[in-house]
Amino acid sequence: MLRVSLTGPESTGKSTLAKRLAAHYGTTFAPEFAREYLAASGPHYTAEDLEEIARGQLAAEEQAAAQATRVVFCDSDLLVIKIWAEHAFGSCPEWILRCIDQQHYDLVLLMGVDLPWQPDPLREHPHLRQQFYDLYQRELRDQMSNFAEISGDEDRRFAQACFLVDELLQTRMLPPTSPAPPAQPVSAHPTHYTLFTPSCRATFASHGAELTSLVTSANGLEYLWPADPAVWGRHAPVLFPLVGRLPGDVYHHEGRDYKLPQHGFARDQQFAVLRHQPTELVFQLQHDESTQSIFPFAFELTITYTLRDTLLTVRWDVRNPAPDQTLLFSIGAHPAVRCPLLPNEVFEDYFFEFDHPVRLERHLLQGGLLTGQTAPVLTEGNVLPLRYNLFADDALVFKHYDFTRLTLRSRMSAHFVRFQFDGFPYLGLWTKGPGAGFVCVEPWHGVASPTGAPGELRDKEGILTLAPGQVFSATYSIEVG
């Protein structure tokens, strides 16, 4: 039984949509118990009333689930009561918080506040809907819920919800009327996984946990580089446990020499899939004998991809599972987007746009290693025009820059790709060379080594140090449109 909750502020169409979805899927829905309770007792309520409402909501959900087919819809949930209680009384009873932690919804539909306010004696806060919406959004993110933001008029909300529920049903189960599929030969796990929203589709390979496609639904436009092996055969590799190159691809650690290729080995490893839902995909890679022969550390790398509308968020969690050994590592992103995006455009039609005027100084590379020299790229401005000779001396490498958002735009069309990367101390911009139809935007926690002899890994610039049991997390996002 799949459980779908509709949550969010007052007067956002929860009841209307829950009833319509239940009719469409031939199943039941749990009505909002608070409305029934307050209609009988009056609009004034106490903290004790909210606890009674919470119990009634739980009972309504269980009753609806017992009579449902395949999927049950819940008009409101305990999160509504939590936010309601904290706003009205400053706190929420502990038992309600425990229930929220224990509850599981396969999908939560967060209802947007773009519908007109409908006056009702039982509604209280017509001017606080956006404030409450932000609270719901933060709570759902903190809970790592599989949620989607629903907006537009009633028909558009219904279409969005049906799209997400259909994808969920296809992912989790076959319809009960479908015959069992014929037996298939035993094969490996799927090699590719897809996330869907009504606006966008993102595809990933378990090999390298790599994003391989990012397509908008309205026009079928592919934004990601297709990994043409004749030019550059990757899409968006994950750089771990190293960013950049080492002198001779060698580093020292505790009296031994180890060889580690440029950008590490994660991009060529098979990741396990921990969770796959319509809008969220979680990969994981752990150390084994083969990794420890070139990288003598225990590690656990978890990568979570979340798709909301046309915004793809990438989160890395690196954990040190060793009981008594420090983990030394770097991690970075290397997504390549098509440039140009449209057939009537050229590379030079594109430019990077900054949120404010910036000064850019690149750190020069030779053979993939930093030379110690710098050169100006942009003296003062919020636009960096693209041209292939800008990358004639390898990637543009920036250190400790003062912007966290970068947008790729064209002079010929309105399409864009926006990157957000708060907290990353290094950034690379790169393309292969004249005629290459892509550009990479690479936020890094780590950077290439300087020219010279191999050195100690712990002394390498940008190396992160993680004590036993600790977790390092970082997030960046790609938005297309």
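Enquirer: What's the story with helix 3 (residues 47-66) in this structure? I'm lost.
Expert: Each α-helix turn comprises 3.6 residues. Residues three or four places apart therefore point the same way. Taking 1.5 Å of rise per residue, 20 residues should cover 28 Å, and helix 3 covers 29 Å from first to last C-alpha, within 8% of that figure. Those residues of helix 3 that sit buried are Asp49, Leu50, Ile53, Ala54, Gly56, Gln57, Ala60, Glu61, Ala64 and Ala65. Buried residues along helix 3 sit against strand 1 (2-7), strand 2 (29-30), helix 2 (33-41), strand 3 (71-75), helix 4 (78-89) and helix 5 (94-102).

Enquirer: How do you make sense of the confidence of the model for the protein when you look at a structure like this?
Expert: Interpretation of this model should avoid reading the predicted coordinates in detail wherever pLDDT is low. When the pLDDT values of the protein are averaged, the result is 89; 94% of them are 70 or greater. Below a pLDDT of 50 lies the segment residues 174-188, which in the model reaches 4 contacts outside its immediate sequence neighbourhood of four places, other chains included.

Enquirer: Can you help me understand the pairing of strand 23 (residues 416-420) in this one?
Expert: A large share of strand 23 lies buried, amounting to 4 of its 5 residues. Examined bridge by bridge, strand 22 (residues 405-410) and strand 23 share 5 bridges and lie antiparallel to one another. Its bridge partner lying in strand 23, leucine 408 is registered against valine 417. If you look at the hairpin formed by strand 22 and strand 23, you'll find 5 residues sitting between the two strands. Bridge analysis of strand 23 against strand 27 (residues 471-480) gives 4 bridges, and the strand direction is antiparallel. Residue pairing in the sheet places arginine 418 in a bridge with glutamate 479 of strand 27.

Enquirer: Could you clarify how one ought to interpret the nonpolar core in this entry?
Expert: General note: in soluble globular proteins, nonpolar side chains tend to be found buried as a group. If you look at the biggest cluster of nonpolar residues, it comprises 79 residues, and the most contacted ones within it are Ile303, Trp316, Phe421 and Leu429. In contact with isoleucine 303, other than residues within four places in its own chain, are Ala209, Val238, Phe271, Leu281, Val282, Phe283, Val314, Arg315 and Trp316. Listed in part, the 22 residues of the second largest apolar core include Leu17, Ala18, Val71 and Leu109.

Enquirer: In this structure, what is going on with the pattern of salt bridges? I would like to understand it.
Expert: Side chains carrying opposite charge are able to pair once their charged atoms draw close together. This model, assessed by the stated rule, comprises 19 salt bridges. The salt bridge partner of lysine 82 is glutamate 86, with a shortest N-O separation of 3.0 Å. Placement of the pair is lysine 82 and glutamate 86 together in helix 4, with a separation of 4 residues, close to one helical turn. Overall, lysine 82 belongs to the buried group, its relative accessible area being 10%. Linking aspartate 268 and arginine 234 is a salt bridge whose minimum nitrogen-to-oxygen distance equals 3.3 Å. Taken together, the residues aspartate 268 in the loop between strand 11 (256-259) and strand 12 (272-277) and arginine 234 in the loop between strand 8 (210-216) and strand 9 (238-239) connect sequence positions 34 residues apart. Residue aspartate 268 is classed as partly exposed on the basis of its relative accessible area of 40%. Among the charged side chains, a network of salt bridges with common partners joins Arg3, Glu61 and Glu62.

Enquirer: I would appreciate a short explanation of the sheet that holds strand 4 (residues 107-111) in the present structure.
Expert: Pairing within the open sheet is parallel, and its 5 strands lie in the order 2-3-1-4-5. Every interior strand has two partners, whereas the edge strands, strand 2 and strand 5 (147-150), have only one. In terms of strand pairing, strand 1 meets strand 3 through 5 bridges, oriented parallel. Each bridged residue has a counterpart across the sheet, and for arginine 3 the counterpart in strand 3 is valine 72.

Enquirer: What is the right way to look at the side chain of threonine 203 in this model?
Expert: Topologically, threonine 203 is positioned in strand 7 (residues 200-205). Given the relative accessible area of 14%, threonine 203 is considered buried. The contact partners of threonine 203, leaving out residues within four places of it in the chain, are His192, Tyr193, Thr194, Glu210, Leu211, Thr212 and Ser213.

Enquirer: Help me understand the environment of alanine 47, please; the structure alone is not making it clear to me.
Expert: Examined against the element boundaries, alanine 47 turns out to sit in helix 3. Judged by its relative accessible area of 31%, alanine 47 is partly exposed. Taking the C-alpha atoms as reference, alanine 47 lies 8.4 Å from alanine 88; in sequence the two are 41 residues apart.

Enquirer: Quick question: what am I supposed to make of the sheet that holds strand 7 here?
Expert: Backbone-to-backbone hydrogen bonds join strands into a sheet, with any given pair of strands oriented parallel or antiparallel. Strands sit in the order 6-7-8 across an open sheet of 3 strands; the sheet is antiparallel. In the strand order of this sheet, the two ends are held by strand 6 (192-196) and strand 8, each with one partner. Sheet twist, expressed as the average angle between the axes of neighbouring strands with direction ignored, equals 20°.

Enquirer: Looking at this structure, I do not really get the packing of helix 2 against helix 3. What am I missing?
Expert: Any two packed helices are characterised by how steeply their axes cross, that is the angle between the axes, and by the distance between the axes. Contact geometry of helix 2 with helix 3 gives a least axis separation of 8 Å together with a crossing angle of 135°. The orientation of helix 2 relative to helix 3 falls into the category oblique. With respect to the hand of their crossing, helix 2 and helix 3 are arranged in right-handed fashion. Between helix 2 and helix 3, the contacting residues are Phe33, Ala34, Tyr37 and Leu38 on the first element and Asp49, Glu52, Ile53, Gly56 and Gln57 on the second.

Enquirer: Hey, could you run me through the side chain of threonine 28 in this one?
Expert: Position of threonine 28 relative to the elements: it lies in the loop between helix 1 (14-24) and strand 2. Looking at threonine 28, its side chain comes within polar contact range of the main-chain oxygen of alanine 64, at 2.6 Å. Once residues lying within four places of it in the same chain are set aside, the contact partners of threonine 28 are Ala22, Ala64, Gln67, Ala68, Val71, Val72 and Phe73.

Enquirer: Help me understand helix 2, please; the structure alone is not making it clear to me.
Expert: Among the residues making up helix 2, those that are buried are Phe33, Ala34 and Leu38. Summarising the axial view, the buried residues of helix 2 lie within an arc of 115°, below the 170-degree limit, and thus occupy one face. In helix 2, the exposed positions that point more than 90 degrees away from the buried face belong to Glu36, Ala39 and Ala40. Its buried side turned inward, helix 2 meets helix 3 and helix 4.

Enquirer: Help me understand unusual backbone geometry, please; the structure alone is not making it clear to me.
Expert: The bulk of non-glycine residues show a negative phi, and the bulk of peptide bonds are trans. Following phenylalanine 240, the chain continues to proline 241 via a peptide bond in cis, the omega torsion being 0°. Inspection of the secondary structure assignment puts proline 241 in the loop between strand 9 and strand 10 (250-253). In this structure, proline 340 follows cysteine 339 across a cis peptide bond, with omega equal to 15°. Assignment of secondary structure puts proline 340 in the loop between strand 18 (336-338) and strand 19 (350-366). The backbone phi angle of serine 11 is positive, close to 55°, even though this residue is not glycine. By the element assignment, serine 11 lies in the loop between strand 1 and helix 1. The class of serine 11 is buried, set by a relative accessible area of 7%.

Conventions we followed
- Residues numbered from 1 in each chain as written.
- Predicted model: local features only at pLDDT ≥ 70, side-chain atom pairs only at ≥ 80, totals over all residues.
- Heavy atoms only, no water.
- Helix = DSSP H or I, 4+ residues; strand = E, 2+ residues; numbered from the N terminus.
- Expected span 1.5 Å × (residues − 1).
- Buried < 20%, exposed > 50% of the residue type's maximum accessible area, 1.4 Å probe, protein only.
- Contact = heavy atoms within 4.5 Å.
- pLDDT = per-residue confidence, 0-100.
- Pairing = 2+ DSSP bridges.
- Core = buried A, V, L, I, M, F, W, Y, C linked by side-chain atoms within 4.5 Å.
- Salt bridge = Lys/Arg side-chain N within 4 Å of Asp/Glu carboxyl O.
- Axes fitted to C-alpha atoms, helices over the stretch in contact; angles between N-to-C directions.
- Parallel < 35°, antiparallel > 145°, perpendicular 65-115°, else oblique.
- Left-handed = near helix turned anticlockwise from the far one by under 90°.
- Polar contact = N/O pair within 3.5 Å; in protein donor to acceptor, adjacent residues only side chain to side chain.
- Arc of directions from axis to C-beta.

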